[in-house]
Amino acid sequence: MLLGFEPADLDAVGVSFALLAGVARASYILLSAQTGQRWPGFDGLAIASAFATLLLTAPAIVSGGTALLDPHVLLIGAPVGVLSSVIPYTCELVALRSPAPSVFGILMSLEPAAAALAAIVVLHELLSPIQWLAVACVVVASVGATRSRPVLSEPAPD
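No experiment lies behind these values; they were computed from the predicted model shown.

A.B. asks: Would you take a moment to explain helix H2 (residues 43-64) for this structure?
C.D. replies: It helps to recall that an α-helix has 3.6 residues per turn; residues three or four apart then point in one direction. For H2, spanning 22 residues, the distance from its first C-alpha to its last is 30 Å, which sits close to the expected 32 Å at 1.5 Å a residue. Largest kink in H2: about 35°, centred on Leu56, with the proline Pro59 one to four residues after it. After H2 finishes, the residue Gly65 shows a positive phi value of roughly 80°.

Structure below.
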């Protein structure tokens, strides 16, 4: 809500994509939680990663051409894929096995705070005071969500 006070030009297409991204992220959290509960170890993640690779290989080659099949590109692309996908998704899968998906979703909201800090270090991009206040609110909400006790949906038996 704090970010809404700053003047901005909104585009209906951009807002639609933002809403779609939110729905996709929520779906990812819920489906990952189910995957972590149904598949032992990292089997579910391995199957999902292999399926995604097969699904995206043909469109990637059509878009990028056969240069993507160059051994040098594959040699660089493999570690990038592991570092940017496999390791973070593995950590998230392990993390999703413990808390409720709602708590995990709130914790995922800390990613923009981490991105803001990275923007300072890497890009020398600074946030406005209102933007920092918004980041602080998200961090406080995340801490509060993880520290609160779960509420029973049914009354406890006598």
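A.B. asks: Help me understand unusual backbone geometry in this model?
C.D. replies: Backbone phi values are negative for most residues with the exception of glycine, while trans is the configuration of most peptide bonds. Even without glycine at this site, His124 takes up a positive phi of about 60°. Topologically, His124 is positioned in the loop between helix H5 (111-123) and helix H6 (129-147).

A.B. asks: Help me understand the side chain of Thr90, please; the structure alone is not making it clear to me.
C.D. replies: Within the secondary structure layout, Thr90 lies in helix H3 (residues 71-96). Among the polar contacts made by the side chain of Thr90, one reaches the main-chain carbonyl oxygen of Val86 at a distance of 2.6 Å. Not counting residues up to four positions away in its chain, the partners in contact with Thr90 are Phe42 and Leu45.

A.B. asks: Whenever I open this one, the environment of Gly36 confuses me. Can you help?
C.D. replies: Tracing the sequence through the fold places Gly36 in helix H1 (residues 12-38). Taking C-alpha positions, Gly36 is 5.9 Å from Leu93, a pair spaced 57 residues apart along the chain. Not counting residues within four places of it along the chain, the set of residues in contact with Gly36 comprises Leu93 and Arg97.

A.B. asks: What should I look at first to understand H5 in this one?
C.D. replies: With 13 residues, H5 extends 17 Å between its outermost C-alpha atoms, agreeing within 8% with the 18 Å of an ideal straight helix rising 1.5 Å per residue. Considered for burial, the residues of H5 that qualify are Ala113, Ala116 and Ala119. The buried residues of H5 occupy an angular sector of 110° when the element is viewed end-on, so they sit on one face. Opposite its buried face, H5 presents the exposed residues Leu117, Val121 and Val122, each directed more than 90 degrees away. After H5 finishes, the residue His124 shows a positive phi value of roughly 60°.

Rules used throughout
Residues numbered from 1 in each chain as written. Predicted model: local features only at pLDDT ≥ 70, side-chain atom pairs only at ≥ 80, totals over all residues. Heavy atoms only, no water. Helix = DSSP H or I, 4+ residues; strand = E, 2+ residues; numbered from the N terminus. Expected span 1.5 Å × (residues − 1). Bend = angle between axes of the 7 residues up to and from the residue. Polar contact = N/O pair within 3.5 Å; in protein donor to acceptor, adjacent residues only side chain to side chain. Contact = heavy atoms within 4.5 Å. Buried < 20%, exposed > 50% of the residue type's maximum accessible area, 1.4 Å probe, protein only. Arc of directions from axis to C-beta.

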